[in-house]
There are 2 protein chains.
Amino acid sequence: MKIAYTVEDVKSQVRQWKKEGLTVGLVPTMGYLHEGHESLIKRAVAENDRVVVSVFLNPTQFAPNEDLASYPRDFEADTKLCEGAGAALVFHPEPSEMYAEDACTFVDMTAVTKELCGKSRPIHFRGVCTVVNKLMNISMADRAYFGQKDAQQLAVIRRMVRDLNMNVEVVGCPIIREADGLAKSSRNTYLSEEERKAGLVLSQAVKLGQKLVAEGEKSAAAVTGAMSELISAEPLAKIDYVSMVSWDSIEPVETIEAPVLVAMAVYIGKTRLIDNFIYEG
Amino acid sequence: MKIAYTVEDVKSQVRQWKKEGLTVGLVPTMGYLHEGHESLIKRAVAENDRVVVSVFLNPTQFAPNEDLASYPRDFEADTKLCEGAGAALVFHPEPSEMYAEDACTFVDMTAVTKELCGKSRPIHFRGVCTVVNKLMNISMADRAYFGQKDAQQLAVIRRMVRDLNMNVEVVGCPIIREADGLAKSSRNTYLSEEERKAGLVLSQAVKLGQKLVAEGEKSAAAVTGAMSELISAEPLAKIDYVSMVSWDSIEPVETIEAPVLVAMAVYIGKTRLIDNFIYEG
């Protein structure tokens, strides 16, 4: 497995692969990889001749009040996980390699980004769209892999690729959970033992929501209300949002008809966790 | 020469060419082609195995008060010119083929677009960036050709391609002029005989500016002032701007040091014409 630190090193390697007729899968990550990322890499390895994993803690998708500085890092462990999962190349650029001093171009959207995390993180998706657009161009990927845990991000990236006619297939992959249900996240490392237990309210709320919908509940407010009540019973939990939106246009819905995304963001102490489920109808 | 009306038709043709190892040049146009466009196509034909010309009057780069509805069209003449110049494919989509009803993604920039035409046409470059980004993805072009007549557009596209790490080379080509100096433009067709003569003040101002700079004038205000004076002497001319900016970051300059762009937009009657020169220093 190769490690590349510059755009040009990635491009020259990928150009070589393309000349040989090989397909390329991309798994964009911010590092501190866990079994969720691993499942994306393994899926990419199964479906492509070569897999590029980017490990880049992208500053432009964090607001000043967010956790960029404290975000966990362990590049050595990341490279081991990538190698074990069968990646061919890890791209680990400095921010200055990704953003020239006079960089001024951005990719953004006027819809899909407005609800859920877009509400509480208003500049987030501009940063995500721009960096993922760049990583797709750098890796010349045929397919790119994203976890459904960041469901809105998956919808945003799918829309960007469709709207800009990009030559890459976006593959969404299932949420990977701990044995007790907590969705895998690099941010789980922030949790104290007590918070770790409290964090279970997210997956419990997901289960409750799935049960209500499966039983025929048609009111979005009834579903999200019951989920919110469950979460609010946990003293360490503070709800950012529990919402039902259309999948995958991410517009508010009142009644469950077409496919919907039920998503939540919840602070456990100072740590913001997300979880969700998609109901295909 | 083929004519394609859908994104998928272009992509499947280009995929075939790429499989055969052929290079692709793109010439994006809004139609009503003249010798300026022809020179771009011929340059592209000389430098690539296959050339795609897009003929698409892009609505998103026109403001409501601008000339989208009256912009001249002649697709039959356009296809003849493309064929004669050696293009392999003309892409002529309907707006609905380029923009889905729920399209919401755009590409824009926080610099380069602020001066010159960006000042008087505030949404223009968002539309240009987005459609050119799409056309580059659709055509999978190795090189894309733009006239220096739209110098700011050339700078904007270069910056976009650099910032987003796109896999296409942007080639700038010289301004093509009528025998008497008027820069070729599809909008010249709007001019009455009298206005056609008055329009010569633009190229005369270019010549004057070039002379002053060549003679050693270092003050931007002195150069643009003299040019403005020449233009203002023509009763049918109304200046939108005559400006000197850095090339190619398009920031205002007071003193001529590094490469500069001296650019103007002038209304002749109701028709807005542009012209410019670049001084490399």
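Residues numbered from 1 in each chain as written. Chains lettered and ligands numbered in written order. Predicted model: local features only at pLDDT ≥ 70, side-chain atom pairs only at ≥ 80, totals over all residues. Heavy atoms only, no water.

Visitor: Sorry if this is basic, but what is going on with the side chain of B:Arg272 here?
Guide: Residues and elements named next belong to chain B. Counting through the fold element by element, Arg 272 comes out in strand β10 (residues 271-279). In terms of polar contacts, Arg 272 uses its side chain to reach the side chain of Asp 240, at 3.0 Å. Leave out the neighbours within four places in its chain, and Arg 272 touches Cys 117, Ser 120, Arg 121, Arg 187, Asp 240, Tyr 241, Ala 265, Val 266 and Tyr 267. (Helix = DSSP H or I, 4+ residues; strand = E, 2+ residues; numbered from the N terminus. Polar contact = N/O pair within 3.5 Å; in protein donor to acceptor, adjacent residues only side chain to side chain. Contact = heavy atoms within 4.5 Å.)

Visitor: Is there a simple way to think about the domain arrangement of chain A in this case?
Guide: Size of an interface: often given as the accessible area lost when the parts come together. Residues and elements named next belong to chain A. Domain annotation of chain A identifies domain 1 (2-173) and domain 2 (186-274). The centre of domain 1, based on its C-alpha atoms, is set 26 Å off from the matching centre of domain 2. On the side of domain 2, 18 residues touch domain 1, which itself brings 24 residues to the contact. Summing the contributions of domain 1 and of domain 2, the shared interface buries around 1700 Å²; its carbon and sulfur component is 58%. Its largest share of buried area at the contact with domain 2, domain 1 owes to Glu 115, Leu 116 and Cys 117, together 28% of the area lost on that side. On inspection of domain 1 and its partner domain 2, the count reaches one salt bridge. (Domains from an automatic or database assignment. Buried area = accessible area lost by both parts, 1.4 Å probe. Salt bridge = Lys/Arg side-chain N within 4 Å of Asp/Glu carboxyl O.)

Visitor: How should I be thinking about the environment of A:Leu200 in this particular structure?
Guide: All names here are of chain A. Structurally, the position occupied by Leu 200 is in helix α9 (residues 200-214). Separated by 176 residues in the primary sequence, Leu 200 and Val 24 place their C-alpha atoms 37 Å from one another. Filtering out sequence-adjacent residues up to four positions away, Leu 200 remains in contact with Asp 180 and Leu 182.

Visitor: Would you mind going over the packing of helix α1 (residues 7-19) of chain A against helix α6 (residues 124-139) of chain A with me for this structure?
Guide: Residue and element names in this part refer to chain A. Between α1 and α6, the shortest axis-to-axis distance is 8 Å and the interhelical angle comes to 45°. Taken together, the axes of α1 and α6 are oblique relative to one another. From α1, Val 7, Val 10, Lys 11 and Val 14 reach across to α6, where they touch Asn 137, Ile 138 and Ser 139. In the contact of α1 with α6, the residues fall into four nonpolar, two polar and one charged. (Axes fitted to C-alpha atoms, helices over the stretch in contact; angles between N-to-C directions. Parallel < 35°, antiparallel > 145°, perpendicular 65-115°, else oblique. Nonpolar A, V, L, I, M, F, W, Y, C, P; charged D, E, K, R; others polar.)

Visitor: Would you take a moment to explain the pattern of salt bridges for this structure?
Guide: According to the stated counting rule, one finds 38 salt bridges over all chains in the structure shown. Note that A:Glu66 is salt-bridged to A:Arg121, the shortest N-O span being 2.7 Å. Taken together, the positions of A:Glu66 in the loop between β3 (50-55) and α3 (75-85) and A:Arg121 in the loop between α5 (117-120) and α6 put the pair 55 residues apart, joining distant regions of the chain. Since its relative accessible area comes to 23%, A:Glu66 is described here as partly exposed. Taking the shortest distance from any N to any O, the salt bridge between A:Lys80 and A:Glu76 comes out at 3.9 Å. Here A:Lys80 pairs with A:Glu76, and both are found in helix α3, just four residues apart, close to one helical turn. The burial state of A:Lys80 is the same as that of A:Glu76; both residues are exposed. Taken together, the salt bridges that share partners define one network made up of A:Asp102, B:Arg159, B:Arg162 and B:Asp163. (Buried < 20%, exposed > 50% of the residue type's maximum accessible area, 1.4 Å probe, protein only.)

Visitor: Sorry if this is basic, but what is going on with the UniProt feature "binding site: beta-alanine" (unreviewed entry) in chain A here?
Guide: All names here are of chain A. Within this structure's numbering, the places UniProt gives as "binding site: beta-alanine" (unreviewed entry) are Gln 61. Here Gln 61 lies in the loop between β3 and α3. The exposure class of Gln 61 is buried, given its relative accessible area of 8%. Setting aside its immediate chain neighbours within four residues, Gln 61 contacts Met 30, Glu 66, Arg 121, His 124, Gly 127, Val 128 and Val 131. A distance of 2.9 Å separates the side chain of Gln 61 from the side chain of Asn 58, its partner in a polar contact. (UniProt positions renumbered as here; feature names shortened; annotations may be inferred.)

Visitor: Even after reading the chapter, I still don't get the sheet that holds strand β1 (residues 2-4) of chain A, so can you show me in this structure?
Guide: Two orientations exist for strands paired in a sheet by backbone hydrogen bonds: parallel and antiparallel. Residue and element names in this part refer to chain A. Spatial ordering of the open sheet is given by β1-β4-β3-β2-β6-β7, a layout of six strands whose pairing is parallel. With partners counted over all chains shown, the strands left at the sheet margins are β1 and β7 (169-173), one partner each. Looking at each pair of strands side by side, their axes are set apart by 25° on average, direction ignored. Here six bridges tie strand β2 (residues 24-29) to β3, and the two strands are oriented parallel to one another. Residue pairing in the sheet places Leu 26 in a bridge with Val 52 of β3. Against the sheet, α1 touches β1, β2, β3 and β4 (89-91), its axis set at about 150° to β4. Its contacts with the sheet put α6 on β2, β3, β4, β6 (143-147) and β7, and the angle it makes with β2 is roughly 150°. (Pairing = 2+ DSSP bridges.)

Visitor: I keep staring at the sheet that holds strand β10 (residues 271-279) of chain A and nothing clicks. Help me out?
Guide: Residues and elements named next belong to chain A. Strand order in the open sheet formed by three strands is β8-β9-β10, and the pairing between neighbours is antiparallel. A strand with exactly one partner marks an edge of an open sheet, and here the two such strands are β8 (237-246) and β10. Here the average twist between neighbouring strands, direction ignored, is 15°. α9 rests against β8, β9 (260-268) and β10 of the sheet, and its axis sits at about 20° to β10.

Visitor: I keep staring at the UniProt feature "active site" (unreviewed entry) in chain A and nothing clicks. Help me out?
Guide: All names here are of chain A. As recorded in UniProt, the feature "active site" (unreviewed entry) lies at His 37. Position of His 37 relative to the elements: it lies in helix α2 (residues 35-47). When residues no more than four places from it in sequence are discounted, the contact partners of His 37 are Thr 29, Gly 31, Tyr 32 and Ser 186. There is a polar contact of 3.0 Å between the side chain of His 37 and the backbone nitrogen of His 34.

Visitor: Hey, could you run me through the relation of the copies chain B and chain A in this one?
Guide: Put simply, the two copies of the chain differ by a rotation about an axis and a shift along that axis. Superposing chain B onto chain A takes a rotation of 180° plus a shift of 0.0 Å along the axis, which leaves an RMSD of 0.0 Å. Taken together, the rotation and translation relating the two chain copies correspond to the operation of a two-fold axis. Considering only C-alpha atoms, the residue of chain B closest to the rotation axis is B:Val107, which sits at 2.3 Å. Comparing contact sets, 100% of the residues at the interface of chain B also lie at the interface in chain A, consistent with an isologous, same-surface contact. (Least-squares fit on C-alpha atoms with pLDDT ≥ 70 in both.)

Visitor: Could you clarify how one ought to interpret the environment of B:Pro252 in this entry?
Guide: All names here are of chain B. Inspection of the secondary structure puts Pro 252 in the loop between β8 (237-246) and β9 (260-268). Along the backbone, Pro 252 and Lys 114 are 138 residues apart, and their C-alpha atoms lie at a distance of 10.0 Å. Not counting residues up to four positions away in its chain, the partners in contact with Pro 252 are Glu 115, Met 244 and Val 245.

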